[in-house]
Amino acid sequence: MTNLQRQDLPEPLSPAVKRTILAVVILLHAGGAWALARVEPARLVVGDVAPMEVRMVAPEGPAQPEIETAEPPPPVELTPPPPELAAIVEPPPPDLPPPEFPVAKIDIPPPPELPEPVIPPPVVKPKPPEPRPVQKAAPRPATPAAPVDSQPQQAAAAASTAPRTVQVSQLGWLVAPSPVYPSRSRRAGEQGTAMVRAFVDIAGRPSQVSLQASSGHAALDEAAVSAVRAAQFRAYAEGGRAQPVWVHVPIKFTLQ
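Report follows, based on the coordinates. From a predicted model like this one, the values you see are computed outputs, not experimental measurements.

**Remarks on the overall build of the chain**
If you tally the helices and strands in the chain, you get six helices and eight strands. Going residue by residue from the N terminus, the α and β elements of the chain occur as α-α-α-α-β-β-α-β-β-α-β-β-β-β. Considering the chain as a whole, with its 256 residues, one finds that 14% of them fall into the buried category. Pairs at least 24 apart in sequence give 75% of the contacts found in the chain among residues at least 6 apart. Only carbon and sulfur atoms are counted for the fraction: they give 61% of the accessible area of the chain, which is about 24600 Å².

Next comes the structure, spelled out in structure tokens:
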């Protein structure tokens, strides 16, 4: 089948045939160009042409009407009237004078004369009398005051104003002191009683705390002061009035 299809197809042109066909086409084009160049074009014969003449003609407009000048009219001659008519016609009366209106005169009295102002005489103030010289009295000798013993009065005033010292039983506790036994003192077997002095204000708070008497051991003293500082007293009152006081609190440390 493949061989039959190849036999049906036309065979391609050879290069020599292609060059021959190209040469023939070129020669045909060259011959056509040469033939066109040999043809002469028709000549145009131009004869004599008459020149053109142009004239400017004014446009035709409507005819202007002729104005006829009229002659002036003849003067009119005035003839006086006959004497009969002149006697009948009376001349106009003369112009009447303008009417006069009476003007009333009003007598205006002159303004009254004002009296001259009276200027009072200046007031002269009398001079004050000269002060009399005052004789200074001789200073009296100061009498020495009797010596007053102020120390008892100051002591009494200080005693009346200074807060007093009361017992713990007179106050009572709101929060009792709970001292903590130091562990080192417990191991060392330390015991004793520390006396703590505290200043209780009107609210029952220990505002000032100090050691009054030592227990013989520093650790126990510090624990006693800390316990009193953290406590809360009842306010001390006299006559229904709260007062600050001093109080001594004993703190005892005992091993069981």
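Moving on from the model shown.
**Observations concerning the nonpolar core**
Of all hydrophobic cores here, the largest spans 21 residues; its most connected members are Leu171, Val196, Val228, Val247, Val249, Ile251 and Phe253. Of all the secondary-structure elements, those providing two or more residues to this core are strand 3 (192-200), helix 6 (218-229) and strand 8 (245-253).

**Things to note about the sheet that holds strand 1 (residues 165-166)**
Taking strand neighbours across the sheet as the criterion, the four strands line up as 1-8-3-4 in an open arrangement whose pairing is mixed. Where the open sheet ends on each side, the last strands, each with one partner, are strand 1 and strand 4 (206-213). Where strand 3 and strand 4 come together, six bridges link them in antiparallel fashion. Bridging across to strand 4, Phe199 finds its partner in Gln208.

**A look at the packing of aromatic side chains**
Inspection of the entire model under this criterion finds three aromatic pairs. Ring centres of Tyr181 and Phe253 lie 5.5 Å apart, and the angle between their planes is 90°; on these two criteria the pair is classed as edge-to-face. Of the two residues, Tyr181 is situated in the loop between strand 2 (173-175) and helix 5 (183-188) and Phe253 in strand 8; the sequence distance between them amounts to 72 residues. Each member of the pair Tyr181 and Phe253 is classed as buried. Looking at Arg186, its charged tip hangs above the ring of Tyr181, at a distance of 4.7 Å from the centre.

**Thoughts on the pairing of strand 8**
Where strand 1 lies against strand 8, two bridges are found, and the strand directions are parallel. Bridge assignment links Thr165 to a residue of strand 8, and that residue is Trp246. Here nine bridges tie strand 3 to strand 8, and the two strands are oriented antiparallel to one another. Within the sheet, the bridge partner assigned to Thr193 lies in strand 8 and is Lys252.

**Overview of a nonpolar patch on the surface**
Nonpolar side chains collect at one region of the surface, where Leu13, Val17, Ile21 and Val25 lie side by side and expose about 320 Å² of accessible area between them. Tracing the sequence through the fold places Leu13 in the loop between helix 1 (2-8) and helix 2 (15-38). Residue class for Leu13 comes out exposed when judged on its relative accessible area of 51%.

**Points about helix 6**
Its twelve residues give helix 6 an end-to-end C-alpha distance of 17 Å, which sits within 8% of 16 Å, the value for a rise of 1.5 Å per residue. Regarding helix 6, the residues found buried are Ala219, Leu220, Asp221, Ala223, Ala224, Val225, Ala227 and Val228. In this structure, the buried side of helix 6 is in contact with helix 5, strand 3, strand 4 and strand 8.

**A word on helix 2**
With 24 residues, helix 2 extends 35 Å from end C-alpha to end C-alpha; this agrees with the ideal 34 Å at 1.5 Å per step. Counting buried positions over the 24 residues of helix 2 gives zero, only a small fraction of the element.

**Quick word on the side chain of Ser185**
As for its position among the elements, Ser185 is in helix 5. In this structure, Ser185 is in contact with Glu190, Ala219 and Leu220, ignoring residues within four places of it in sequence.

**So, the side chain of Asp221**
Checked against the element boundaries, Asp221 lands in helix 6. Although buried, Asp221 forms no salt bridge, and the nearest oppositely charged side chain, Arg184, lies 10 Å from it. The contact partners of Asp221, leaving out residues within four places of it in the chain, are Ala194, Leu211, Ser214, Ser215 and Gly216.

Cut-off values and rules
Residues numbered from 1 in each chain as written. Predicted model: local features only at pLDDT ≥ 70, side-chain atom pairs only at ≥ 80, totals over all residues. Heavy atoms only, no water. Helix = DSSP H or I, 4+ residues; strand = E, 2+ residues; numbered from the N terminus. Buried < 20%, exposed > 50% of the residue type's maximum accessible area, 1.4 Å probe, protein only. Contact = heavy atoms within 4.5 Å. Areas by Shrake-Rupley, 256 points an atom, 1.4 Å probe, with all protein chains shown as cover. Core = buried A, V, L, I, M, F, W, Y, C linked by side-chain atoms within 4.5 Å. Pairing = 2+ DSSP bridges. Phe/Tyr/Trp six-rings, centres within 6.5 Å; stacked < 30°, edge-to-face > 60°. Lys NZ or Arg CZ within 6 Å of the ring centre and 35° of its normal. Patch = residues over 30% accessible without salt bridge, like charges linked within 9 Å, V, L, I, M, F, W, Y side chains within 5 Å. Salt bridge = Lys/Arg side-chain N within 4 Å of Asp/Glu carboxyl O. Expected span 1.5 Å × (residues − 1). Lys, Arg positive; Asp, Glu negative; His and termini not counted.

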